[in-house]
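What follows is the residue order along each chain.
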Amino acid sequence: MLGGFAATSAQAKDITLCWAAWDPANALVELSKDFTAETGIGMKFEFVPWPNFADRMLNELNSGGKLCDLLIGDSQWIGGGAENGHYVKLNDFFDAEGISMDDFAPATVYAYSTWPKGTPNYWALPAMGDANAWFYRKDWFSKPEIQEAFKAQYGRDLAPPQTQRELMEIAKFFQGREIDGQTRYGINIFTERGSEGITMGATGALYAWGFKYENTPGKYDMEGAVNSPEAVEALEFYKELYKCCTAPGYTDSYMQESLDSFKSGQVAMAMNWFAFFPGLYKDEQVGGDKIGFFVNPKQNVEASTLGGQGISVISYSENKDEALKYIKWFAQPAVQAKWWSLGGYSAHNSVLNDPGFKDSQPFAADFLKAMSAVQDFWQEPAYAELLLAMQKRLHDYIVADQGTAQEALDKLIEDWTETFQDEGKL
């Protein structure tokens, strides 16, 4: 018995947890065996591949479906989950069970749990901290002849970039370079059109230049923010990075394509979510001492694109009591520590503030740095429509060579203005 749980025959139900199909989900299956052992509540899992995850789960919610008792849903869904009645509000439960949101990293509470934003109205428990970051071929970087050639060209030592401009220089340096008898390329970045990929990638540059969605938070005053000179410069930068320094054929690249290009030895650097870093580090071909990691480089400001999710109880569930027991169990510091050790990303301060955390994995210190400066996409109930508009405008400009960065961002404001007018927000 742990944390006040006792297995009884009255509790012997199964509950279903829904999430995306990826490495952390496998770690959660392993972790959840402890929950079943302690409570007698069986766990079933519905994991959906990322490209289909949003459509599948949002359809499930919008239809009032009872497939999921628990859902680890994207941060952007929190507004819709709250306003449309899909998620159970957790405040009373947290108060009754002594679960404090002060025990979790502030950025994750704000992003994964609150609606309206920044209010103490909680619709999820932070479950999986995540941000977009970078990994690189440390073994290539350390080759003496490559070090020498880079220093001759750029007048500095070849090392993980400190700025977005340095990132570009390194990508250009490796583009088309022959290493170990093969032609290599500079970088893999997100360009995917269908779900969220190019937005999640390009915002890494946009946020680093200081991009904002609004001039005044909550006012939807986008003119001069979304299309600021800094935003235009950042978007031009991301397009140049795509055109100059990626491997041929990556016009629709997201998580899996990034991993594939790196594991197959095509690229010197790639972006992806921290969620994949434990698996990459263990990879026999490119992991271990061959791989290094770095946080999204700053330009005008330190910033990273937020990933990650909170775990919510579905209001249509017939097993809410059992689902809430899982939330209570998952919130325990000991469970959170094991979650990190298995390859999940805890947002619990007891884990993150442990003196040994930074040295517990080669990417742990970068994770802490990223999570202190994360920014997220709109979390409005109309988020899907807002996202589709940005996906189109960015892909048309960056990949399809349509128009200018200024035009893309101006049109994006028009798209978003129309959506917010339809929503009664403007």
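Cut-off values and rules
Along each chain, numbering runs from 1 in the same order as the chain's sequence is written. Local features are withheld for residues below a pLDDT of 70 in this predicted model, meaning they are given only at 70 or higher, and side-chain atom pairs are given and counted only at 80 or more; totals for whole chains, interfaces and linings count all residues. Hydrogens and water are ignored here; the side-chain numbers use all heavy atoms of the structure. Buried residues of nine kinds, namely Ala, Val, Leu, Ile, Met, Phe, Trp, Tyr and Cys, make up a nonpolar core once their side-chain atoms join them within 4.5 Å. Burial here depends on accessible area, computed with a 1.4 Å probe over protein chains only, as a share of the maximum for the residue type. Under 20% is buried, over 50% is exposed, and the range in between is partly exposed. Under the scheme used here, helices are H or I runs from DSSP no shorter than 4 residues and strands are E runs no shorter than 2 residues, and both carry numbers assigned from the N terminus. The contact rule is simple, with two residues in contact once any of their heavy atoms fall within 4.5 Å. To count toward a patch, a residue needs a relative accessible area over 30% and no salt bridge; like charges are then connected within 9 Å, while nonpolar side chains (Val, Leu, Ile, Met, Phe, Trp, Tyr) are connected within 5 Å. Throughout, the Shrake-Rupley method with a 1.4 Å probe supplies accessible areas, and for residues the shown protein chains are the sole cover considered. The working definition used for a salt bridge is a side-chain nitrogen of Lys or Arg within 4 Å of a carboxyl oxygen of Asp or Glu. Two residue types count as positive, namely Lys and Arg, and two as negative, namely Asp and Glu; His and chain ends fall outside the count. Lysine's charge is taken at NZ, arginine's at CZ, aspartate's at CG and glutamate's at CD. To estimate how far a helix should reach, multiply one less than its number of residues by 1.5 Å. Distance and chemistry together define a polar contact, namely a pair of N or O atoms within 3.5 Å, with one atom able to donate a hydrogen and the other to accept it when in protein, and with adjacent residues in sequence counting only for side-chain atoms on both sides.

The subject of this paragraph is the nonpolar core. The biggest cluster of nonpolar side chains holds 151 residues, and the ones touching the most others in it are Trp19, Tyr326 and Trp416. With nine residues, the top contributor of residues to this core is helix H10 (residues 229-245). Not counting residues up to four positions away in its chain, the partners in contact with tyrosine 326 are Ile15, Leu17, Leu28, Ser32, Phe35, Met43, Leu70 and Ile311.

Negative charge collects at one region of the surface, where Glu83, Glu385, Glu418, Asp422 and Glu423 lie side by side. Along the polypeptide, aspartate 422 turns up in helix H18 (residues 405-422).

Here the focus is the pattern of salt bridges. Pairing of side chains with opposite charge becomes possible as their charged atoms draw close. Inspection of the entire model under this criterion finds 20 salt bridges. Its salt-bridge partner being glutamate 322, residue lysine 13 comes within 4.0 Å of it at the nearest N-O pair. Of this pair, lysine 13 sits in the segment before strand S1 (14-20) while glutamate 322 is found in helix H13 (residues 320-330), placing the two residues 309 residues apart along the sequence. In this structure lysine 13 comes out as partly exposed when scored by relative accessible area, which is 35%. Between aspartate 157 and lysine 151 there is a salt bridge whose closest N-O contact spans 3.1 Å. For aspartate 157, a relative accessible area of 47% puts it in the partly exposed group. For lysine 151, a relative accessible area of 44% gives the class partly exposed. Here the salt bridges do not stand alone but share partners, grouping Glu46, Arg56 and Glu60 into one network.

Time to look at helix H17 (residues 383-398). Between the first and last C-alpha of H17 there are 22 Å, a value that for 16 residues agrees with the 22 Å anticipated at 1.5 Å per step. Along H17, the residues classified as buried are Tyr383, Leu386, Leu387, Ala389, Met390, Gln391, Arg393, Leu394, His395, Asp396, Tyr397 and Ile398. Against the buried residues of H17 lie helix H2 (50-62), helix H9 (197-209), H10 and H18.

Quick look at the environment of asparagine 272 now. Tracing the chain through its elements places asparagine 272 in strand S8 (residues 267-273). Classification of asparagine 272 by relative accessible area gives buried; the value is 0%. Sequence separation between asparagine 272 and isoleucine 189 is 83 residues, and the spatial gap between their C-alpha atoms is 8.1 Å. A polar contact of 3.0 Å, which involves the side chain of asparagine 272, links it to the backbone oxygen of methionine 255. For asparagine 272, the side chain forms a polar contact with the side chain of serine 258, separated by 3.1 Å.

Read these as layout, nothing more, since geometry by itself doesn't imply function.
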